[in-house]
Amino acid sequence: MFNHSSHDVLCIWCPFLGESKKKSLIPRNVLVLTLSRVIWSMSDTNIDNFISEYMRQLGASVPTIGLINALGSFGAMLLYPVGGYIADKSGRVRIVASSTLVYVSSFIIYFWAPSWEWAALAMIYQSMSLFYVPAMNAIMADSIPVGERGRLYGFNFALPNLVRILSPYVGGLFIARFELVPAMRIGFTLSFIVGIIVAIMRLFFLHETITDIQEIDWNPVRLFSRAYRNTNESLVWVWNNVRSYTAVSMLLSFLGSMILPFWILYATDALNLTAYDWGVILLWSGVARAVLSLFIGEIVDRYGSRNCILFGLALGVFSMFGFTQAQGFWLALPMYSLITLSSVFIWISSQVYLADSIPREIRARIMAGLGSGMSLGVSGVGFASGFLIFFPKTLGSLVGGFIYHIDPRLPWVMQSVLLAFGFVYTYLRIHDAETPYE
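S.K.: What is the right way to read the overall build of the protein from this model?
M.R.: The number of helices and strands found in the protein is 18 helices and 2 strands. Relative to its length of 438 residues, the protein is compact, with a C-alpha radius of gyration of 21 Å against a globular reference of 22 Å. Overall, the C-alpha framework of the protein stretches about 55 × 50 × 45 Å when taken along its three principal axes. Counting the 438 residues in the protein, one finds 54% classified as buried. Restricting to contacts in the protein with at least 6 residues of sequence separation, those with at least 24 account for 82%. When the accessible area of the protein is evaluated, it comes to approximately 19,500 Å², of which 68% is carbon and sulfur surface.

Quick look at the structure:
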């Protein structure tokens, strides 16, 4: 049971809801994880926006960059079950803090990379080091009291996104001043320093959320063997308890990866928008996404995760089709904003659904397979990252370009049709947990 002691929580006020009394408490772990994401957003986001161009200037071709990304994702998928196993058996905080340092060390390789091959090594190494993500997701879910998960997931989502709004602009200024490769190396240096600070924060200020800490065999062969044997048990649990949610999550992962790379192309090719127009739409939707997520979290707590997933899917059906019919800036702006709103609803409510549905003692292993939530294919909203999600995500990435080539509107029309199916399936098969897990 979560301990609401003054040492572990921070009091906050909710003036945006018009409440005059103290609303609730922010658990210490939630605050640490949120602040560490805010700090890292100041540097890491700038790198993410320009890393592909950095590799291209070092000599990599566009297909090669795509292959490198795929290899990194595949490597991460292989290690996720191991990360979930370690987190549930040996403790969550230790793997999060130590693996954050491993992740940070990739910036050293990026900085000194003399060619695209070295940058490719850094990208694959960095992706594989993210095997600690299931542990971090489990800490978050473990630390939020039942009944307040929507509000606190919204808080965790909103603050880093507010910081990220201007990151592409700041990154562009650096590149304009120093040119891309020198600017990126400055960015790698800043990210390394910030990453060390984040690792220290996680090591010293996160509190362990499981009590049954076990000694595990760190021999790599035996560790992998036991982790993957345990994965079979996790898959059985998923099938018996959350298979309907898993089906919807895999569907949304497939659909999202189908359209994610093509928003800017569709906006300029089919909607006749300029790159500047699209940038303004992204800026506005980013502000709206960050601010509204605070309210959306409260709505999820009040009306339930299932109802809010249904609302997000229904809104997605309408807005995805509406986006294909929009002509010009002033119609594209509200349609894209509604798509973003629907994705945030689905993301926050699915996080709450998973946290309520998975027992604490196996939470990291299950989240290694399912990620921590699901969303539509909109940049800046969370994305599922479990090993069960990898295959539909890869398939969507492969077929999306071919479908777009046939008819640029077709991927978005398919979104509406299949999201409608997802809505009906969710209504019939997914239900909130009768007794949510702590």
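S.K.: In this structure, what is going on with the nonpolar core? I would like to understand it.
M.R.: As a rule of thumb, nonpolar side chains are buried together in soluble globular proteins. By size, the foremost hydrophobic cluster in this structure holds 122 residues, and its most contacted members are Tyr54, Tyr110, Leu252, Trp263, Phe323 and Trp412. Per-element tally for this core: the top contributor is helix α15 (residues 329-357), with 15 residues. Every residue in contact with Trp412, bar those within four places of it in the chain, is listed here: Ile259, Phe262, Trp263, Tyr266, Met320, Phe323, Thr324 and Tyr404.

S.K.: Is there a simple way to think about the side chain of Ser285 in this case?
M.R.: Within the secondary structure, Ser285 sits in helix α13 (residues 275-303). Judged by its relative accessible area of 1%, Ser285 falls in the buried class. In this view, Ser285 contacts Tyr336 and Thr340; residues no more than four positions away in its chain are not counted.

S.K.: I'm lost on the environment of Leu265 in this one. Help?
M.R.: Note that Leu265 resides in helix α12 (residues 263-269). It is 9.4 Å that separates the C-alpha atoms of Leu265 and Ala275, two residues lying 10 residues apart in sequence. Not counting chain neighbours up to four residues away, the residues in contact with Leu265 comprise Ala270 and Tyr404.

S.K.: Please explain the packing of helix α1 (residues 28-41) against helix α6 (residues 133-143) as it appears in this structure.
M.R.: The axes of two packed helices give the description: the angle between them and the distance between them. One way to put it is that α1 packs onto α6 with a least axis distance of 8 Å and a crossing angle of 140°. Judged on the interaxial angle alone, α6 and α1 are oblique. Judged by the sense of rotation from one axis to the other, the crossing of α1 with α6 is left-handed. Here Asn29, Val30 and Leu33 of α1 lie close against α6, whose contacting residues are Met136, Ile139, Met140 and Ser143. Among the residues forming the contact of α1 with α6, the class breakdown is 5 nonpolar, 2 polar and no charged.

S.K.: Would you mind going over helix α18 (residues 410-429) with me for this structure?
M.R.: The α-helix winds at 3.6 residues per turn, so residues separated by three or four positions along the chain end up facing the same way. Relative to the 28 Å expected for 20 residues at 1.5 Å per residue, α18 spans 28 Å between its end C-alpha atoms, a close match to the ideal helical length. Buried residues of α18: Pro411, Trp412, Gln415, Ser416, Leu419, Gly422 and Thr426, and no others. Viewed along the axis of α18, the buried residues span an arc of 140°, placing them on a single side of the element. Counted as exposed and oriented over 90 degrees from the buried face of α18: Val417, Phe421 and Leu428. At its buried positions, α18 is contacted by α11 (243-259), α12, α14 (305-325) and α17 (387-406).

S.K.: Teacher, can you tell me more about helix α5 (residues 116-128) here?
M.R.: When the terminal C-alpha atoms of α5 are compared, their 18 Å separation across 13 residues agrees well with the 18 Å that a helix rising 1.5 Å per residue should span. Every buried residue of α5 is listed here: Ala119, Ala120, Ala122, Met123 and Gln126. Summarising the axial view, the buried residues of α5 lie within an arc of 160°, below the 170-degree limit, and thus occupy one face.

S.K.: Would you take a moment to explain the pattern of salt bridges for this structure?
M.R.: Any two side chains of opposite charge can pair, given that their charged atoms come close. All chains considered together, the criterion is met by 9 salt bridges. Where Asp88 meets Arg365, a salt bridge forms, and the shortest distance between an N and an O atom there is 2.7 Å. Of this pair, Asp88 sits in helix α3 (residues 62-90) while Arg365 sits in helix α16 (residues 363-370), placing them 277 residues apart in sequence. Neither residue differs from the other here; Asp88 and Arg365 are each classed as buried. Among the charged side chains, a network of salt bridges with common partners joins Asp88, Arg92, Asp142, Arg363 and Arg365.

S.K.: I'm lost on the packing of aromatic side chains in this one. Help?
M.R.: Given two aromatic rings, their pairing is described by the distance between the two centres and the angle made by the two planes. For the structure shown, the criterion picks out 25 aromatic pairs. Ring plane angle 80° and centroid distance 5.5 Å describe the contact between Phe390 and Phe391, whose orientation is recorded as edge-to-face. Pairwise contacts between aromatic rings join Phe262, Trp263, Tyr266, Trp278, Phe323, Tyr336, Tyr404 and Trp412 into one cluster. One Lys or Arg, Arg243, reaches over the ring of Trp239 and ends 4.9 Å from the middle of that ring.

S.K.: I would appreciate a short explanation of unusual backbone geometry in the present structure.
M.R.: Across the chain, the bulk of peptide bonds are trans and the bulk of non-glycine residues have phi less than zero. For Asn272, which is not glycine, the phi dihedral falls at a positive 60°. Inspection of the secondary structure puts Asn272 in the loop between α12 and α13.

Cut-off values and rules
- Residues numbered from 1 in each chain as written.
- Predicted model: local features only at pLDDT ≥ 70, side-chain atom pairs only at ≥ 80, totals over all residues.
- Heavy atoms only, no water.
- Helix = DSSP H or I, 4+ residues; strand = E, 2+ residues; numbered from the N terminus.
- Rg over C-alpha atoms; globule rule 2.2 N^0.38 Å.
- Buried < 20%, exposed > 50% of the residue type's maximum accessible area, 1.4 Å probe, protein only.
- Contact = heavy atoms within 4.5 Å.
- Areas by Shrake-Rupley, 256 points an atom, 1.4 Å probe, with all protein chains shown as cover.
- Core = buried A, V, L, I, M, F, W, Y, C linked by side-chain atoms within 4.5 Å.
- Axes fitted to C-alpha atoms, helices over the stretch in contact; angles between N-to-C directions.
- Parallel < 35°, antiparallel > 145°, perpendicular 65-115°, else oblique.
- Left-handed = near helix turned anticlockwise from the far one by under 90°.
- Nonpolar A, V, L, I, M, F, W, Y, C, P; charged D, E, K, R; others polar.
- Expected span 1.5 Å × (residues − 1).
- Arc of directions from axis to C-beta.
- Salt bridge = Lys/Arg side-chain N within 4 Å of Asp/Glu carboxyl O.
- Phe/Tyr/Trp six-rings, centres within 6.5 Å; stacked < 30°, edge-to-face > 60°.
- Lys NZ or Arg CZ within 6 Å of the ring centre and 35° of its normal.

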